Amino acid sequence: MTKTVYQELIVPELDAGDAGDAIRQFGARFLAGGFVRDTFVAAVLEREEKYPTGLQLDGMALAMPHTSGEHVRRPAVGVAKLKKPVIFGHMGDEETKVEAEMLLMMAIQDPDAQVDLLRKVMGVFTNQEALAEFKAAGDFEALYAAATKYLG
Amino acid sequence: MKNVKILCVCGSGAVSSSMVALKIREMLRDRGYNAATMESSPTSAESVLASGGFDAIACVSPVYADFGIPKISALGMLTGMGEEQVINDLVKVLEEKYGK
């Protein structure tokens, strides 16, 4: 199984003023770790503007910012909990806003090759036990453990 | 198993639509359909549809244009709230076209 969870992409307390700030800060870690090209953050921001990725799930709102594969060097998923919730547009619905508590940011190069990762991320969305563990994770160790368990 | 073809649409044309496509294929199989899926963004939907033979469009990003092919919202596939509704909507479209 390809590794997809990395310590440097686990952030227990991301202090961001708004969605763009959160994406820029978290995206900088993806860039620093060599997971994405320097075009990644701008592409994610542009996509988020046009097609927002906030999701109101059962028990938690989160966002899953991402973009297309040409901006990605190696696949990964990062988990950042927001120090205070940040407003994202809801996917598929321009009118609805969500107060995202967590970012699941994905660097996907080829969806067909990274199908396991897509399955796992989607599995978290619909798994209330997993969401509760992410929600309860208050420090790096707990968040890394949850990410490894459900996304690794 | 009936063979059907579904276009899955999301903003990037790759990631969320692939997630939805995975689940649609699995859940339609349980309902007796062998679904082939393709993914596109809203802006590239028209050119992908031009390859022909699509029975339905499953959207997680809004598709405003009318291509003469039934559109259903597939957001419930991602949130897990309303998965069955999405499949029921799809099956209804397919049954209207092919019969039960």
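Details of the structure are given in the entry above.
### Quick notes on the side chain of H71 of chain A
Residue and element names in this part refer to chain A.
Right, on to step 1. With respect to the element layout, H71 can be found in the loop between β3 (61–63) and β4 (76–90).
Right, on to step 2. The exposure class assigned to H71 is buried, which follows from its relative accessible area of 14%.
Right, on to step 3. Setting aside residues up to four positions removed in sequence, H71 forms contacts with V36, R37, T39, F40 and A43.

### Focus on helix α1 (residues 19–32) of chain A
All names here are of chain A.
Right, on to step 1. Between its first and last C-alpha, α1 extends 20 Å over 14 residues, near the 20 Å set by a 1.5 Å rise per residue.
Right, on to step 2. Buried within α1 are the following residues: A19, G20, A22, I23, F26, G27 and F30. All buried residues of α1 lie within an arc of 150° about the axis, which places them on one face of the element.
Right, on to step 3. Where the residues of α1 are buried, they touch β1 (10–14), α2 (40–50), β4 and β5 (93–107).
Right, on to step 4. The backbone nitrogen of G20 lies 3.2 Å from a side-chain oxygen of the residue at the head of α1, namely D18.

### Observations regarding the nonpolar core
Right, on to step 1. Membership of the largest hydrophobic core comes to 58 residues, with the highest contact counts inside it found for F134 of chain A together with I6 and L28 of chain B.
Right, on to step 2. Per-element tally for this core: the top contributor is helix α1 (residues 15–30) of chain B, with eight residues.
Right, on to step 3. In this view, F134 of chain A contacts M60, V79, K81, M102, V124, L143, A146, A147, Y150 and L151 of chain A; residues no more than four positions away in its chain are not counted.

### Re the environment of Y6 of chain A
Residues and elements named next belong to chain A.
Right, on to step 1. Inspection of the secondary structure assignment puts Y6 in the segment before β1.
Right, on to step 2. Exposure remark for Y6: the relative accessible area of 12% places this residue in the buried category.
Right, on to step 3. For the pair Y6 and A147, spaced 141 residues apart in sequence, the C-alpha separation works out to 9.1 Å.
Right, on to step 4. Within the local environment of Y6, its side chain forms a polar contact with the backbone oxygen of K3, the two atoms lying 3.3 Å apart.

### As for the interface of chain A and chain B
Right, on to step 1. Taken together, the contacts link 23 residues of chain A with 24 residues of chain B.
Right, on to step 2. Buried area between chain A and chain B, summed over both chains or domains, comes out near 1,900 Å², and the portion from carbon and sulfur atoms is 70%.
Right, on to step 3. Summed over the three residues of chain A that lose the most area to chain B, namely Y51, M91 and M122 of chain A, the buried surface amounts to 29% of that side.
Right, on to step 4. With a closest N to O distance of 2.3 Å, E26 of chain B and R119 of chain A form a salt bridge.
Right, on to step 5. Between the two partners, chain A and chain B, sit four residue pairs in polar contact (both at pLDDT 80 or more).
Right, on to step 6. Those elements that place two or more of their residues in the side of chain A that touches chain B are β2 (54–56), β5 and α3 (115–125) of chain A.

### Describing helix α5 (residues 140–151) of chain A
Residues and elements named next belong to chain A.
Right, on to step 1. Under the 1.5 Å per step criterion, the end-to-end length of α5 is 15 Å for 12 residues, consistent within 8% with the ideal 16 Å.
Right, on to step 2. L143, A146, A147, Y150 and L151 are the residues of α5 that are buried. Viewed along the axis of α5, the buried residues span an arc of 100°, placing them on a single side of the element. Every exposed residue of α5 that faces more than 90 degrees away from the buried side is listed here: E141 and K149.

### A closer look at the pattern of salt bridges
Two side chains bearing opposite charge may form a pair once their charged atoms approach each other closely.
Residues and elements named next belong to chain A.
Right, on to step 1. In the structure shown here, the tally under the stated rule is seven salt bridges over all chains.
Right, on to step 2. With a closest N to O distance of 3.4 Å, E101 and K135 form a salt bridge. In this pair, E101 sits in strand β5 while K135 sits in helix α4 (residues 128–136), placing the two residues 34 residues apart along the sequence.
Right, on to step 3. Counted as one network, the salt bridges with shared partners bring together D15, K83 and K84.

### Quick look at the sheet that holds strand β2 (residues 33–40) of chain B
Picture the strands of a sheet paired through backbone hydrogen bonds; they go either parallel or antiparallel.
Residue and element names in this part refer to chain B.
Right, on to step 1. In spatial order, the strands read β2-β1-β3-β4; together these four strands make up an open sheet with parallel pairing. For this open sheet the edge positions go to β2 and β4 (71–73), each flanked by a neighbour on one side alone. If you compare each strand with its neighbour and ignore which way they point, the axes differ by 30° on average.
Right, on to step 2. Here strand β1 (residues 2–9) pairs with strand β3 (residues 56–59) via four bridges, running parallel. Within β3, the residue paired with L7 across the bridge is I57.
Right, on to step 3. Relative to β2, α1 is tilted by about 170°, and along the sheet it contacts β1, β2 and β3.

Each value, and the rule that gives it
- Residues numbered from 1 in each chain as written.
- Chains lettered and ligands numbered in written order.
- Predicted model: local features only at pLDDT ≥ 70, side-chain atom pairs only at ≥ 80, totals over all residues.
- Heavy atoms only, no water.
- Helix = DSSP H or I, 4+ residues; strand = E, 2+ residues; numbered from the N terminus.
- Buried < 20%, exposed > 50% of the residue type's maximum accessible area, 1.4 Å probe, protein only.
- Contact = heavy atoms within 4.5 Å.
- Expected span 1.5 Å × (residues − 1).
- Arc of directions from axis to C-beta.
- Polar contact = N/O pair within 3.5 Å; in protein donor to acceptor, adjacent residues only side chain to side chain.
- Core = buried A, V, L, I, M, F, W, Y, C linked by side-chain atoms within 4.5 Å.
- Buried area = accessible area lost by both parts, 1.4 Å probe.
- Salt bridge = Lys/Arg side-chain N within 4 Å of Asp/Glu carboxyl O.
- Pairing = 2+ DSSP bridges.
- Axes fitted to C-alpha atoms, helices over the stretch in contact; angles between N-to-C directions.

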